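Structure at a glance
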Amino acid sequence: MLKLLDVKKEYNTPSGCFSALDSVSLCIEEGEFVAIVGKSGSGKSTLLNMIGTLDSVTSGSILLDGQDFSTMNGRQLAEIRNQSIGFVFQRFNLEPEYTVYQNIELPLVINGSTQNEQRVQAVLGQLDLTSKAKLKTKLLSGGEQQRVAIARAIINDPKLILADEPCGNLDTTNSNIVMSILQTLNQQGKTVILVTHDQEDARKAQRIVTLSNGRIISDEKISAADI
Ligand code: ADP
Ligand code: MG
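Residues numbered from 1 in each chain as written. Chains lettered and ligands numbered in written order. Predicted model: local features only at pLDDT ≥ 70, side-chain atom pairs only at ≥ 80, totals over all residues. Heavy atoms only, no water.

**Topic: helix 3 (residues 100-110)**
Considered for burial, the residues of helix 3 that qualify are Val100, Tyr101, Asn103, Ile104, Glu105, Pro107 and Leu108. In the segment just after helix 3, Gly112 is the residue with positive phi, at about 85°. (Buried < 20%, exposed > 50% of the residue type's maximum accessible area, 1.4 Å probe, protein only. Helix = DSSP H or I, 4+ residues; strand = E, 2+ residues; numbered from the N terminus.)

**Re the site of ligand 1**
Taken together, Tyr11, Thr13, Phe18, Ala20, Lys39, Ser40, Gly41, Ser42, Gly43, Lys44, Ser45 and Thr46 make up the full set of residues near ligand 1. Within the side chain of Tyr11, a nitrogen or oxygen atom sits 3.5 Å from a nitrogen atom of ligand 1. Lys44 has a polar side-chain atom sitting 2.9 Å from an oxygen atom of ligand 1. For the shell around ligand 1, the secondary structure elements donating two or more residues are strand 1 (2-13), strand 2 (16-28) and helix 1 (44-51). (Near = heavy atom within 4 Å. Polar contact = N/O pair within 3.5 Å; in protein donor to acceptor, adjacent residues only side chain to side chain.)

**Points about the sheet that holds strand 9 (residues 207-212)**
If you walk across this open sheet you meet the six strands as 6-7-8-3-9-10, and the pairing is mixed. Edge strands, defined here as strands with exactly one partner in the open sheet, are strand 6 (85-89) and strand 10 (215-221). Strand after strand, the sheet turns through a mean of 15° between neighbouring axes, direction not considered. Running at roughly 155° to strand 7 (residues 160-164), helix 1 makes contact with strand 3 (33-37), strand 6, strand 7, strand 8 (191-195) and strand 9 of the sheet. Each of strand 6 and strand 7 is contacted by helix 5 (residues 142-154), which is oriented at about 165° to strand 6, the strand it contacts most. (Pairing = 2+ DSSP bridges. Axes fitted to C-alpha atoms, helices over the stretch in contact; angles between N-to-C directions. Contact = heavy atoms within 4.5 Å.)

**Description of the pairing of strand 8**
Along strand 8, five of the five residues are buried, which leaves the element largely enclosed by surrounding structure. Residues Thr191, Ile193 and Val195 line one face of strand 8 and the alternating positions Val192 and Leu194 line the opposite face, and both faces are buried. Both strand 3 and strand 8 contribute to a ladder of four bridges, which runs parallel. In the strand pairing of strand 8, Val34 is matched with Ile193. At this point the chain moves from strand 7, through helix 6 (residues 172-187), to the parallel strand 8, and the crossover so formed is right-handed. (Right-handed = clockwise from strand over helix to strand, strands pointing away.)

**Some remarks on the packing of helix 3 against helix 5**
Relative orientation of the contacting elements helix 3 and helix 5 amounts to 30°, with a least axis distance of 7 Å. Considering the angle they form, helix 3 stands roughly parallel to helix 5. The interaxial crossing formed by helix 3 with helix 5 has right-handed handedness. Touching Val100, Asn103, Ile104 and Pro107 of helix 3 are Val148, Ala151 and Arg152, all from helix 5. Residues that form the contact of helix 3 with helix 5 fall into these classes: five nonpolar, one polar and one charged. (Parallel < 35°, antiparallel > 145°, perpendicular 65-115°, else oblique. Left-handed = near helix turned anticlockwise from the far one by under 90°. Nonpolar A, V, L, I, M, F, W, Y, C, P; charged D, E, K, R; others polar.)

**Digging into unusual backbone geometry**
One non-glycine residue with positive phi stands out, namely Ser23, at about 50°. Looking at the element boundaries, Ser23 is found in strand 2. For Ser23, a relative accessible area of 32% translates into the label partly exposed.

**A closer look at the side chain of Arg152**
Mapping Arg152 onto the fold places it in helix 5. Nearest to the buried, unbridged Arg152 among oppositely charged side chains is Glu95, at 6.0 Å. Setting aside residues no more than four positions away along its own chain, Arg152 makes contact with Phe92, Asn93, Leu94, Asn103, Ile104 and Pro107. (Lys, Arg positive; Asp, Glu negative; His and termini not counted. Salt bridge = Lys/Arg side-chain N within 4 Å of Asp/Glu carboxyl O.)

Everything listed here is a matter of geometry and, on its own, says nothing about what the molecule does.
As structure tokens, this is what we get:
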């Protein structure tokens, strides 16, 4: 489903060219739950942002269902982001003055859809947010905000969910809730890529890819016996 071939990412910095990712090749099958781990600065967010078409590679290629991102224009990439990929961030990235309902509906509004009520209500129910629908998201707790962000990420029924440290700003209880939501989405058939530095969360995936200084240093499948 997702293929990365010899991906490199370099940044120009005042002190010269910095290589954030080097020779990263990775194949992820539909329905997998993959954790990406590694120290701070190892390139995890850079990698996820490129998979999510938020950033472009310096060289190499990324293909989603055989479509090479580098051959696509901005409009085509925006469509992939809207339809095929759901992104969840550590800092939630919600519109604070919009209500829960409006935040969740936003991706539908962006693609011009108007009959949204049923779909939004279904996702509100799925994420246990029905009673919060009319509240501005700035009034919610961190755990609730992250559930809104997940609802927004899945409103278009994307096949791929990317989560960059989604539990990084949450307490243990809410982290466990978010992790079990991701596991449920995976069981429902979604491919999930989770960036985390929590070993316990990583072990809830089926596969752990470890980055160090922009390179993959290990890629291991977790067997059922390890869980
Ligand atoms: P991680 O998510 O694993 O903590 P990042 O992918 O955010 O790491 O960053 C990897 C490296 O790339 C870091 O050393 C970071 O400072 C550097 N980096 C990220 N974005 C930029 C940028 N826009 N310009 C220069 N360096 C960057
Ligand atoms: Mg990061």
